[in-house]
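So the chains spell out like this:
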Amino acid sequence: MHLLLTAVVCALVGCSSAPAGSRLRAETTPPGGAAEDTAGGAAEDTAGGAAEDTTANVPLPGAPDLLLHNGKIFTAATGPEFVTALAIDAEGQITWIGDDPAGLMSSAKAKIDLQGRVVLPGFHDVHQHTLEAHLEVIDCILEDGETAQDPEDHYVTIAKCAPGKDTGWVLGWGHSVLTLLAALRPPREILDEAFPTTPVAIMEMTSHSTWVNTAALTALKIDANTPDPPGGIIVREDDGSASGILVDSAGEWPWDLALAQSPALDTKNYDALRTGQANNSRHGITSAVDARVYWKRGHLAAYQKAADNDHLTARTTLSLWAYPSAEDAQQLDALVAMYAAPTEADALLHTTQVKLYSDGLLENTTAALLQPYRVETWGPKTGLSYFDQARIAKYATHLQAVGFDLHIHAIGDRAVRESLNAIEAAKASPGGDKARHRLTHVEIIHPDDIPRFAALGVYADMQLTQYNHPDRVHEYDEYLGSAVVTERAWPLRTLHESMRQANIGAALSSDYDVSPLSPFEGIQRAVTRGDQSLPSVEEAVRAYTVFPAAITHSEQQTGTLQPGKAADLIVVDKDIFTIPKTDIAKTRVLWTLLQGDEVFRHPDF
C-alpha cells in the first residue's frame with residue numbers, strides 16, 4: 001500500500017511500524033495490473049458470472065498490509081455474499097475474506113475499523129463519455145432549452161457568445177431540435193444574424209443533432225447537392241438548401257471539423273480525461289469504458305499520454321469510434337492498427353472495443369424500428385441506420401479476428417434485431433468464439449429477440465433515467481403506440497433473467513453526461529421499476545460490478561471481492577441493502593481503492 005495511504009490509515013486508526021524491506025509505494029498512482037491468480041486465489045470465473053466461492057475455509061494469510069474489519073462487506077460472489085473482514089497485501093490483492101479476523105489483528109501492518117460501514121466492489125461504468133463530457137470547449141449554453149417555444153428566443157443568449165480561441169468556432173449546447181421546427185425562417189438565419197462570418201455549431205440537448213449557421217455549412221462544404229450521410233439527414237428548405245439542422249451522423253460533421261486535433265486541443269483533451277478520471281473516483285467507479293473515443297480528434301493520444309504518465313486512476317477500456325461516413329477498408333485497417341490489449345506493464349489501459357451506431361434516437365424518429373413511427377419523421381418511416389446489418393457483420397468479422405469487441409448503439413427493435421443478426425453471421429468466423437460483443441441502450445426489444453442475447457453470448461447494458469421510468473414510458477406512445485411500448489420498452493428484468501440462464505446478466509451504465517454519473521441512481525431506478533425491477537439490491541449492484549466486468553474481459557481481476565482478485569473497492573455511508581429503496585440514490589462514496597491504492601477519500605472518512 002502507498003506511503004500516503006499508510007499515513008491516512010495510521011491517522012485514522014494507528015498502525016505499527018512497517019518492517020524493513022516491506023513493499024511501500026511512494027506515490028498515489030496505481031501500480032498496474034493484478035498479479036496472476038495463484039492456487040489459493042479466486043476460482044475460474046465463467047463469462048459474466050462470479051465463480052462459486054471456495055474461500056470460506058482458506059487458511060489465514062501471512063501478515064497483510066491492510067485489514068478492513070467490523071464492516072458489512074458485499075463480495076458480489078455467489079457465496080458468501082457478505083463478510084465482515086477483508087485483508088489486502090502489498091501488491092493490492094485481496095488475500096483473505098471472512099468473519100473472524102482475530103488471527104490477523106496482531107499481524108496486520110495497518111487496520112481500519114469500518115464501524116459497521118458497507119464495503120462494495122468498485123463500480124464498473126461500461127458506457128460513459130469520460131473525456132468528451134469534461135472537455136471545456138462549449139461556452140455558449142442555452143439555459144432555456146427545455147422551455148423555449150420559439151428558436152428566436154435563443155438569439156439574445158447566442159449573440160453574447162464568442163468564438164473559442166482554440167477552435168475559431170462558436171460552440172454551444174442546450175436547445176431542443178423540436179423548437180427549431182417552429183422557426184418562421186431557416187434556422188441558420190437566426191445564427192447568421194449574430195455571426196454572419198464566424199462558424200457556429202450548437203449541439204441539441206440529446207446530442208443527436210446540431211444547429212449550424214451559413215458559415216459553418218460553407219466550412220463543411222454542404223450545399224444543395226451534398227448527399228445525406230449514412231445515419232444522418234441534412235434538413236433542407238423547399239429549394240433544397242440546407243436549413244441549418246444536421247440530424248444524427250450529419251450533426252457530427254461540424255464537431256469533427258471544429259475539434260480536429262491540434263496542440264491546443266491536445267492539452268484540453270488531456271485535462272478533460274484527468275478531470276473525468278477524478279470524477280469517476282469520487283463516485284466509486286474503478287473501471288470505466290469511454291464509449292466514444294474520437295481518434296481523429298486526438299482522444300486516443302490523450303489516453304496514451306495519461307497511461308505513460310501513470311495518471312490513470314481507473315481501469316480504462318477505450319471504444320474507438322467507427323466513423324459512419326468513412327470508407328470501410330481504410331477505416332478497418334486504421335482500427336486494427338490501434339488495437340492494444342492490456343499488458344503487465346500497462347494494465348490500466350485497454351484499447352479493445354470499437355463503438356458503432358446501428359441507429360439514432362427515438363425522440364428524433366431516427367431509432368430503427370420494425371414498424372413505422374406513428375408521427376411525422378425526419379426521414380424513413382422506420383428510422384435510420386448508421387451501420388446496416390451487412391456492414392455491422394463486416395466489421396464484426398474483421399475486428400473480432402484481432403481481439404476487438406463491438407460496442408453497438410442499438411435503441412430501436414429493428415436496430416437490436418439487425419445487430420444480433422450481424423453478430424450471428426460473424427459468429428463462426430475467427431475470434432467469434434471469444435468475442436464479447438455488446439449492445440448498448442436496448443430500449444425497444446421485440447420479445448422474440450430477448451433469448452437471442454444468451455444464445456449468442458451477446459452482452460447488453462442499459463441506462464435507467466428519469467425519462468424511462470415506468471411512470472413515464474408511455475410518453476413514447478405517440479411515437480410507437482401503446483401496445484409496442486407495453487410489450488417492448490425497457491424490459492430490464494425480462495432481459496436480465498433470460499441472460500442469467502447463460503450465466504451472464506444485463507449491465508447498468510450511465511452514458512454520462514447524458515445521464516447522472518452516480519451508480520447509486522442507476523441502482524435505485526433498477527429496483528423501483530415495478531414488474532421490470534431487478535429482483536434485489538444485491539443483483540442491481542452486480543449489474544454495476546460482476547456483469548460489466550465480463551464485458552471488458554476483466555472478471556479474473558475485478559467485479560467481485562475474493563482472494564486473488566484486486567482490491568478495487570469502495571466504502572459508502574449508507575447500508576443500501578436495508579434503507580428504503582427510494583433513498584439509495586442519496587448514498588455517498590467515502591473511500592475508493594484501486595488495486596489497494598487510495599484514489600479518493602471523502603473528508604468525512
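Residues numbered from 1 in each chain as written. Predicted model: local features only at pLDDT ≥ 70, side-chain atom pairs only at ≥ 80, totals over all residues. Heavy atoms only, no water.

Focus: the overall build of the protein
Along the backbone of the protein there are 19 helices and 24 strands. The proportion of buried residues among the 605 residues of the protein is 60%. Relative to all contacts within the protein whose residues are 6 or more apart in sequence, the contacts with residues 24 or more apart total 74%. Carbon and sulfur atoms provide 50% of the accessible area of the protein, an area that totals close to 22,200 Å². (Helix = DSSP H or I, 4+ residues; strand = E, 2+ residues; numbered from the N terminus. Buried < 20%, exposed > 50% of the residue type's maximum accessible area, 1.4 Å probe, protein only. Contact = heavy atoms within 4.5 Å. Areas by Shrake-Rupley, 256 points an atom, 1.4 Å probe, with all protein chains shown as cover.)

A few points about the sheet that holds strand β6 (residues 111–113)
The strand order β5-β4-β1-β6 describes an open sheet built from four strands, whose pairing is mixed. Edge positions in the sheet fall to β5 (94–98) and β6, since each of these pairs with one other strand and no more. Mean inter-strand twist for the sheet, computed between neighbouring axes without regard to direction, equals 10°. Here four bridges tie strand β4 (residues 85–88) to β5, and the two strands are oriented antiparallel to one another. Bridged to Ala 85 within β5 is Gly 98. (Pairing = 2+ DSSP bridges. Axes fitted to C-alpha atoms, helices over the stretch in contact; angles between N-to-C directions.)

Quick look at unusual backbone geometry
Glycine aside, a negative phi is what most residues show, and trans is what most peptide bonds show. The residue after Gly 79, namely Pro 80, is reached through a cis peptide bond having omega -10°. Secondary-structure assignment places Pro 80 in the loop between β2 (72–74) and β3 (82–83). A cis amide bond links Tyr 512 to the next residue, Asp 513, at an omega of 15°. Looking at where Asp 513 falls in the secondary structure, it is placed in the loop between β21 (507–508) and α17 (519–526). Of note in the backbone geometry, Asp 310 takes a positive phi value of approximately 55° without being a glycine. You can see Asp 310 is positioned in the loop between α9 (299–308) and β16 (315–321). Taking the relative accessible area as the measure of exposure, Asp 310 reaches 43% and is therefore partly exposed. Phi is positive for Thr 365, close to 55°, though the residue is something other than glycine. Its location among the elements puts Thr 365 in the loop between β17 (349–357) and α11 (389–400). Of the residues examined, Thr 365 reaches a relative accessible area of 5% and is grouped as buried.

Here's the deal with the packing of helix α10 (residues 328–338) against α11
Interaxial distance between α10 and α11 falls to 11 Å at its minimum, and their mutual angle equals 35°. At the point where α10 passes α11, the crossing takes the right-handed sense. Here Asp 328, Gln 331, Leu 332, Asp 333, Leu 335 and Val 336 of α10 come into contact with α11, specifically with Arg 391, Lys 394, Tyr 395, His 398 and Leu 399. A breakdown of the residues in the contact of α10 with α11 according to their chemical character gives five nonpolar, two polar and four charged. (Left-handed = near helix turned anticlockwise from the far one by under 90°. Nonpolar A, V, L, I, M, F, W, Y, C, P; charged D, E, K, R; others polar.)

Points about the packing of aromatic side chains
Evaluation of the coordinates by the stated rule reveals 16 aromatic pairs. Relative to Phe 577, the ring of Phe 82 lies with its centre 5.0 Å away and its plane at 90°, an arrangement referred to as edge-to-face. Taken together, the residues span a long stretch of sequence, with Phe 82 in strand β3 and Phe 577 in the loop between β22 (569–572) and β23 (589–594) at a distance of 495 residues. Its relative accessible area of 16% is what places Phe 577 among the buried residues. Note on Tyr 476 and Tyr 479: the rings are 6.3 Å apart at their centroids and 40° apart in plane angle, and the pair reads as tilted. Through a chain of ring-to-ring contacts, three or more aromatic side chains come together here, namely Tyr 294, Trp 295, Trp 321, Tyr 323, Tyr 357 and Tyr 386. (Phe/Tyr/Trp six-rings, centres within 6.5 Å; stacked < 30°, edge-to-face > 60°.)

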